[in-house]
Amino acid sequence: LIIIRDAEEARLALPRTYGVDDLPLVLASRRFKSDQQFSYDGDNDKYGDYPLANGTLDAQVKLPAQVVRMRILNAENERGYILGLSDGRPFHLIATDGGLLDKPVALKRITLMVGERAEILVDLSGDKPGAALDLMAYNSNQPFGFPGGEPDSGGANGSLLNNGDFRVLRVNVGEPTARKVTAIPATLVRNRYPTEAEVTNRRTIRVADGRPFFSFDGKAFDMTRNDQVVKLGATEAWTVSNNNIFGHAFHIHDVQFRILARSDRAVAEWEQGWKDTAYLPKGASVTFVAKFADYASDTDPFMYHCHMGNHEDGGMMGQFLVRSEEHTS
């Protein structure tokens, strides 16, 4: 997990004392062998049986009774998370994969697929020191295709955590700090997103197969093949459509994008910031817009892939070149 700071963020009244009121959270789960080492046999161990936060089992943290910040990364192999707080209180989303939102978005649940990031503010200012609450994964009763929603408790597609709710982190409330943040900002930054009216080219990429491997457009990854060629400076709309087998986490290198549309639902307010990873539910599609403004090359491609490690390792990856105008003929 990489934390990027800049002048815009520095001007805001946000928690930023690392490890005190500003907590990175890398979420994963693992299975263990009899000698207590990690068990990982490729696709057979894609789901862990025990949750870890920052590599810690049964993770706990003491946070001060004030507004605190959590920078969350879903670092699983395949499992998705539906995160919320155990007492039902709202939290405020302030950033997605690529940076700060225009304003905080109040939520009680947020879905994070593999590779997605989110920054949230949690207001503990009304809690007494000594109190506790949990950050939970509310993953029970998900439809088939939700990664980690399979009903099995063991085997290649099973886990002790599957299709259930479980604790991600115990938060123990401590005394407030001397320089505490006690209010959620009304606004954050002013983003300038590419719009559909600016689109100069459209593409469609389809998730194919699944047995024995998933792929894009029916072609397994080949590092000698460039699947797409994009003009430097182009603003493009990409529609990525999923098949009816399983969910995926589509990720693209080089650019951040904004989601324009989903086929299965409206694009939620919390999902309208800068993104580089988007959940593809089973049988659904997502359309996003991005401007390819930098880093042209005739030889060195960027990648797009499913962020689920076993899917990309199986060949669910593609490559694209960004070429300058004088080299596109």
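This structure is a prediction, so every number in the text was calculated from the model and none was measured.

1. Observations concerning the pattern of salt bridges
No. 1: Taken as a whole, this structure holds 22 salt bridges when the rule is applied.
No. 2: Here Lys275 and Asp97 are joined by a salt bridge, their closest N and O atoms 3.2 Å apart. Taken as a pair, Lys275 in the loop between strand 19 (258–262) and strand 20 (277–280) and Asp97 in the loop between strand 8 (91–96) and strand 9 (99–107) lie far apart in primary sequence, 178 residues in all.
No. 3: Take Lys275: its relative accessible area is 3%, and that puts it in the buried class.

2. Notes on unusual backbone geometry
No. 1: Positive phi outside glycine occurs at Gln36, with the angle close to 70 degrees.
No. 2: By the element assignment, Gln36 lies in the loop between strand 1 (22–32) and strand 2 (38–39).
No. 3: One non-glycine residue, Asp209, adopts positive backbone phi at about 65 degrees.
No. 4: Mapped onto the secondary structure, Asp209 falls in strand 14 (residues 201–209).
No. 5: Under the relative-accessibility criterion, Asp209 is labelled partly exposed at 38%.

3. Observations concerning the environment of Gly99
No. 1: Mapped onto the secondary structure, Gly99 falls in strand 9.
No. 2: The contacts of Gly99, once residues within four sequence positions are left out, are Ile94 and Trp274.

4. Remarks on the sheet that holds strand 7 (residues 81–85)
No. 1: Across the sheet, which stays open at both edges, the five strands sit in the order 5-13-12-7-10 with mixed pairing between neighbours. The sheet is open, and its two edges are formed by strand 5 (60–64) and strand 10 (110–112), each paired on a single side. Geometrically, the sheet is characterised by an average inter-axis angle of 30 degrees between neighbouring strands, direction not taken into account.

5. Here we look at the nonpolar core
No. 1: Counting residues in each nonpolar core, the largest one holds 45 residues, and the members touching the most others are Leu25, Met70, Leu83, Leu93, Ile110, Val168 and Leu169.
No. 2: It is strand 13 (residues 165–174) that provides the largest number of residues to this core, a total of five residues.
No. 3: In this structure Leu83 touches Leu27, Ile72, Phe91, Lys108, Arg109, Ile110, Leu112, Leu135, Met136, Ala137 and Val168, once residues within four positions along its chain are discounted.
No. 4: The next biggest cluster of nonpolar side chains, apart from the first, holds 35 residues, and it includes Val114, Phe216, Val255 and Phe302.

6. Here's the deal with the environment of Leu93
No. 1: Here Leu93 lies in strand 8.
No. 2: Non-local contacts of Leu93, meaning those with residues more than four positions away in its chain, are made with Leu101, Lys103, Pro104, Val105, Leu107, Ile110, Ala118, Glu119, Ile120 and Trp270.

7. Thoughts on the sheet that holds strand 15 (residues 214–216)
No. 1: The sheet built from five strands is open, its strands ordered 15-14-17-21-19 with mixed pairing. For this open sheet the edge positions go to strand 15 and strand 19, each flanked by a neighbour on one side alone. In this sheet, adjacent strand axes meet at a mean angle of 20 degrees when their direction is disregarded.
No. 2: One ladder, built from four bridges, connects strand 19 with strand 21 (residues 285–291); its direction is antiparallel. Following the sheet pairing, Arg262 is matched in strand 21 by Val286.

8. Topic: a nonpolar patch on the surface
No. 1: A contiguous nonpolar patch, built from Tyr50, Leu57 and Leu160 and spanning about 300 Å² of accessible area, is present on the exposed surface.
No. 2: Inspection of the secondary structure assignment puts Leu160 in the loop between strand 12 (132–138) and strand 13.
No. 3: By relative accessible area, which is 54% here, Leu160 ends up exposed.

Rules of the game
All residue numbers refer to position in the chain's written sequence, counted from 1. Thresholds applied to this predicted model are a pLDDT of at least 70 for local features of residues and 80 or more for the giving and counting of side-chain atom pairs; totals over whole chains, interfaces and linings are not thresholded and use all residues. Note: side-chain values were computed over all heavy atoms of the structure, leaving out hydrogens and water. Salt bridges are identified by distance alone: a Lys or Arg side-chain nitrogen within 4 Å of an Asp or Glu carboxyl oxygen. The secondary structure listing takes helices from DSSP runs of H or I that are at least 4 residues long and strands from runs of E that are at least 2 residues long, numbered from the N terminus. Summary of the burial criterion: residues with accessible area below 20% of their type's maximum are buried, those above 50% are exposed, and those between are partly exposed, where the area comes from a 1.4 Å probe applied to protein chains only. Throughout, a residue-residue contact means that at least one pair of heavy atoms, one from each residue, lies within 4.5 Å. Following DSSP output, two strands are said to pair if at least two bridges run between them. Here, axes are lines fitted to C-alpha atoms. For helices the fit covers the stretch in contact, and angles between N-to-C directions go from 0 to 180 degrees. Residue types Ala, Val, Leu, Ile, Met, Phe, Trp, Tyr and Cys, when buried and joined through side-chain atoms within 4.5 Å, form a set referred to as a nonpolar core. A residue counts toward a patch only above 30% relative accessible area and without a salt bridge, and it is joined to like-charged neighbours within 9 Å or, for Val, Leu, Ile, Met, Phe, Trp and Tyr, to nonpolar neighbours within 5 Å. Surface exposure here means Shrake-Rupley accessible area, sampled with a 1.4 Å probe, where a residue is shielded only by the protein chains that are shown.

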